[in-house]
Amino acid sequence: MAIPVISNTTSVLGFRKKQEFAYQPYASNTPTSWAATGLPTGVTINTTTGLISGAATIPGVYVVSLTASNATGPSTPHQIAIGIEDGPLNDSIGIEINVDVRTGYVAASGQSQPDPDKAVLFAKRGDVLFLDVGFWRDDVLQDLPIADLKFQMREFDGETILVTSNGLIEDIGTSDAPRYRIAVDFSGPELDGVLGGYESDLRTGFLAIAELQWILMHGSPALPTAETATRSSQTFRVYVQRDLIPNS
C-alpha cells in the first residue's frame, strides 16, 4: 500500500475567536493516524480520525502542518492556513448588561449610572432572553476567569424564585470587550401565579428584583491549590409583563 496523500485543502477561514468549529481533512490510501503542528490554542486534532475541532482563544492566521500515516509510513506534510477573526459572535441577539465589579451595581449597556427605580431589563412571560454580561472596572471591561454565572429573579419581597438562568455560559466578545452570555427563560408556573396578582386593563406586569452571581477560578482547576471566589451583584429591577401571543 502507498503512503497517504492528503487532499488539497489550503485554508480554513471565517471562524471567530471562541467560536466552536470542526474541519475534517481527507487522505487517500486509508490513513490510520493523523498528526498536526501549529494548531491554535484551544483547537485539537483527533489522532485517529484527523478531525480538527475546538474554539481558538487567540485570533490570528495559523499555518498548520498535517500528516497522515498508515502501515507503510507518513504522508508528505500538507500545510493549511486556519484564520481566526477577533470579533463579537452573534452580537445582535444578546441584551448587554454591565456589572461594576467594585460596587456590584448592575446597569443597562450605555446607562452611566444605575437607577434603582427603573428596569434594567424588560421581558414578557414566555420570552427567552440572551443576556450578555460585562464586568466593568475603571471604565474597562474585564476578561475574568468565570467558572459560573447565574441570574435569578423574585417578586419584590418574595422568597420564591420565579426565573433562573439555565446554567450554560458562552464566553463571547473580543479580547478588549469580553462578555459572558447566559440564557434566561421567562416562563413557568411560579411566574404565572405572580402575574395573576397584577391584573389590569392595559397591561399585567410588575417590577421584579433580580441578582447576578458569578464564580471566579483562581489557578488551574487541575491543581490542588486552585480556589474559587463567589460574588453577587446588587439587586436590580426587571419589568415583566403577561404575554398576548399564545406560546406554541
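Up top you'll find the structure we're talking about.
We now turn to the structure provided with this report. What you see is a predicted model; the values in this text were computed from it and never measured.

Focus: the overall build of the protein
Argument step 1. Check the secondary structure of the protein and you find 1 helix and 20 strands.
Argument step 2. By the compact-globule yardstick of 18 Å for 248 residues, the protein is too spread out, its C-alpha radius of gyration being 24 Å.
Argument step 3. Seen along its three principal axes, the alpha-carbon backbone of the protein occupies a region of about 80 × 45 × 35 Å.
Argument step 4. A burial count over the protein gives 37% of its 248 residues as buried.

Points about the pattern of salt bridges
Argument step 1. As enumerated under the stated definition, the model contains 6 salt bridges in all.
Argument step 2. A salt bridge links R16 to E85; the shortest N-O distance between them is 3.7 Å. Of this pair, R16 sits in strand β1 (residues 11–16) while E85 sits in strand β8 (residues 78–85), and the two are 69 residues apart along the sequence.
Argument step 3. For R16, a relative accessible area of 28% corresponds to the partly exposed category.
Argument step 4. Judged by relative accessible area, which is 39%, E85 ranks as partly exposed.
Argument step 5. For R179, the salt bridge identified is with E96, shortest N-O distance 3.5 Å. Taken together, the residues R179 in strand β17 (residues 177–185) and E96 in strand β9 (residues 94–100) connect sequence positions 83 residues apart.
Argument step 6. In this structure R179 comes out as buried when scored by relative accessible area, which is 7%.
Argument step 7. Classification of E96 as partly exposed rests on a relative accessible area of 35%.
Argument step 8. Overlapping salt bridges bring together R125, D192 and D243 as one network.

So, the layout of surface pockets
Argument step 1. Of the voids in this model, the second largest pocket is the one considered here, and its volume is about 190 Å³.
Argument step 2. If you go around the second largest pocket, you meet 13 residues; those closest to its centre are Y105, D115, P116, T235 and F236.
Argument step 3. Among the residues forming the lining of the second largest pocket, the class breakdown is 8 nonpolar, 2 polar and 3 charged.

Details of the sheet that holds strand β2 (residues 21–23)
Argument step 1. Strand order in the open sheet formed by 3 strands is β2-β5-β4, with antiparallel pairing between adjacent strands. Strands with a single pairing partner mark the edges of an open sheet, and in this sheet they are β2 and β4 (43–45). For this sheet, the mean angle separating the axes of adjacent strands, direction not counted, is 20°.
Argument step 2. As defined by bridge partners, β4 adjoins strand β5 (residues 52–54) across 3 bridges and the pair is classed as antiparallel. Within the sheet, the bridge partner assigned to I45 lies in β5 and is I52.

Let's talk about the pairing of strand β14 (residues 146–154)
Argument step 1. Pairing analysis gives 8 bridges linking β14 to strand β18 (residues 205–218), with the strands arranged antiparallel. Residue pairing across strands places R154 opposite I209, the latter belonging to β18.
Argument step 2. The sheet contact formed by β14 and strand β15 (residues 161–164) spans 3 bridges and is antiparallel. Counterpart to M153 in the pairing with β15 is V163.
Argument step 3. A loop of 6 residues connects β14 with β15, the two strands running antiparallel in sequence, and D157 in this loop sits at a positive phi of about 70°.

Cut-offs and rules
- Residues numbered from 1 in each chain as written.
- Predicted model: local features only at pLDDT ≥ 70, side-chain atom pairs only at ≥ 80, totals over all residues.
- Heavy atoms only, no water.
- Helix = DSSP H or I, 4+ residues; strand = E, 2+ residues; numbered from the N terminus.
- Rg over C-alpha atoms; globule rule 2.2 N^0.38 Å.
- Buried < 20%, exposed > 50% of the residue type's maximum accessible area, 1.4 Å probe, protein only.
- Salt bridge = Lys/Arg side-chain N within 4 Å of Asp/Glu carboxyl O.
- 1 Å grid on protein atoms, 1.4 Å probe; cavity = no way out; pocket = protein on both sides within 12 Å on 5 of 7 lines; lining within 4 Å.
- Points joined across faces, edges and corners; volume = space filled by probe spheres on them.
- Nonpolar A, V, L, I, M, F, W, Y, C, P; charged D, E, K, R; others polar.
- Pairing = 2+ DSSP bridges.
- Axes fitted to C-alpha atoms, helices over the stretch in contact; angles between N-to-C directions.

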